Protein chains: 2
Amino acid sequence: MNIGEIAKRTGMPAKTIRYYEDIGLIRPHRDANGYRKFDEPGFHKLAFLGRARALGFSIEDCRKLLALYEDETRASADVKKLAQEHLRQIEGKISQLRTMQETLTNLVDTCAGDHRPDCPILRDLASG
Amino acid sequence: MNIGEIAKRTGMPAKTIRYYEDIGLIRPHRDANGYRKFDEPGFHKLAFLGRARALGFSIEDCRKLLALYEDETRASADVKKLAQEHLRQIEGKISQLRTMQETLTNLVDTCAGDHRPDCPILRDLASG
DNA sequence: ATAGGGGTTACAGTAACTGGAAGGTCAAGA
DNA sequence: TCTTGACCTTCCAGTTACTGTAACCCCTAT
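To continue, consider the protein's contact with DNA strand D. In the vicinity of DNA strand D, 19 residues are found, and the nearest of them are K15, Y20 and R53 of chain A together with G4 and R36 of chain B. Of all DNA strand D atoms lying within 4 Å of any protein atom, the proportion belonging to sugar or phosphate reaches 68%. K15 of chain A is positioned with one of its side-chain polar atoms (N or O) 2.4 Å from a base oxygen of DNA strand D. A distance of 3.4 Å separates a base oxygen of DNA strand D from a polar atom in the side chain of Y35 of chain B. Breaking the surface near DNA strand D down by element, the ones donating at least two residues are helix 2 (14-22) of chain A together with helix 1 (3-10) and helix 2 (14-22) of chain B. At four residues, helix 2 of chain A tops the list of elements feeding residues into the surface near DNA strand D. Split into classes, the residues belonging to the surface near DNA strand D amount to seven nonpolar, six polar and six charged.

Here is the structure:
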């Protein structure tokens, strides 16, 4: 399959797939004409990457996950550790965002939002 | 005040302050020796930016907020609209992260995390 | 022969900094 | 006076994970 076909099947832009090759995440074969040629395992690998990225894993984490996936002698503990660390990051980010959300919601709710200049949002930003 | 003093008072790295000048967010005066010289309004403006950034506003939003702040004829509606849009973004991000968190939590919970290779996390990534 | 719809590379840009190099300035101490 | 150390300056490169664009090649159908 050519890159366009694979892009359609994985739902990722062809550009992203080329990028993944650039950074050494994948290593597709080449046709005589220089076109990238994907087989089922190649597609599978991209789908794996797509799902890992959808779970928010960084590219470097994806690289490690892929390595673990392909290592039959892996310890599931290593995978779990990676996932747990990532989960912690996500939870940290969520709580950060929730703090912002709460503050912003309060501010937005107290702002008249009319033609007058007086604004509690700006007042808050101006004076903490 | 020199940049170091301001950095201490605002809690932001001097580097960031220089960057804010680079992109035209602030315009500090200069001493005869070329050092940036901050007065109280300059400090105030940086503090404003710091708080807006802490609420997750993008630099471009910060630029707009600052302009609104300094425009005595602003309509609070404009500020509110900005804040509401940002709030929507935050809420979208939170719900995205929560989806990831839920999936990951499930996966992590079902993974033995021992020396054996068998791993539900990898299984999930491999087959959706 | 040509038009279109593939594909290829390489380079630049995004957001918001951060790090590092190379060098100027200033106050204090020997 | 000289030097040391802590400041400050500018400029350039790197970060993350792509995305956009240009210039060009390839293949098939008309």
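The structure having been displayed, the exposition proceeds.
A few words now on the pattern of salt bridges. All names here are of chain B. Taken as a whole and judged by the stated rule, the model has 18 salt bridges over all chains. We note a salt bridge from R36 to E21, for which the minimum N-O separation is 2.4 Å. Here R36 is found in strand 2 (residues 36-37), whereas its partner E21 is found in helix 2, with 15 residues between them in sequence. Both residues of the pair, R36 and E21, count as buried. The salt bridge partner of R88 is E85, with a shortest N-O separation of 3.2 Å. Note that R88 and E85 are positioned in helix 5 (residues 76-110) at a spacing of three residues, about one turn of the helix. Residue R88 is classed as exposed on the basis of its relative accessible area, which comes to 51%.

Facing the 51 residues of chain A at the interface are 51 residues of chain B. Overall, the association of chain A and chain B removes approximately 4,300 Å² of surface from exposure, summing both partners, and the carbon and sulfur fraction of that is 73%. For the interface between chain A and chain B, the tally reads zero salt bridges. Every element with two or more residues in the side of chain A that touches chain B is listed here: helix 3 (40-54), helix 4 (59-70), helix 5 (76-110) and helix 6 (120-127) of chain A. A per-element tally of the side of chain A that touches chain B places helix 5 of chain A first, with 21 residues. Considered class by class, the residues forming the side of chain A that touches chain B number 28 nonpolar, 12 polar and 11 charged.

Calculation notes
- Residues numbered from 1 in each chain as written.
- Chains lettered and ligands numbered in written order.
- Predicted model: local features only at pLDDT ≥ 70, side-chain atom pairs only at ≥ 80, totals over all residues.
- Heavy atoms only, no water.
- Near = heavy atom within 4 Å.
- Polar contact = N/O pair within 3.5 Å; in protein donor to acceptor, adjacent residues only side chain to side chain.
- Helix = DSSP H or I, 4+ residues; strand = E, 2+ residues; numbered from the N terminus.
- Nonpolar A, V, L, I, M, F, W, Y, C, P; charged D, E, K, R; others polar.
- Salt bridge = Lys/Arg side-chain N within 4 Å of Asp/Glu carboxyl O.
- Buried < 20%, exposed > 50% of the residue type's maximum accessible area, 1.4 Å probe, protein only.
- Contact = heavy atoms within 4.5 Å.
- Buried area = accessible area lost by both parts, 1.4 Å probe.

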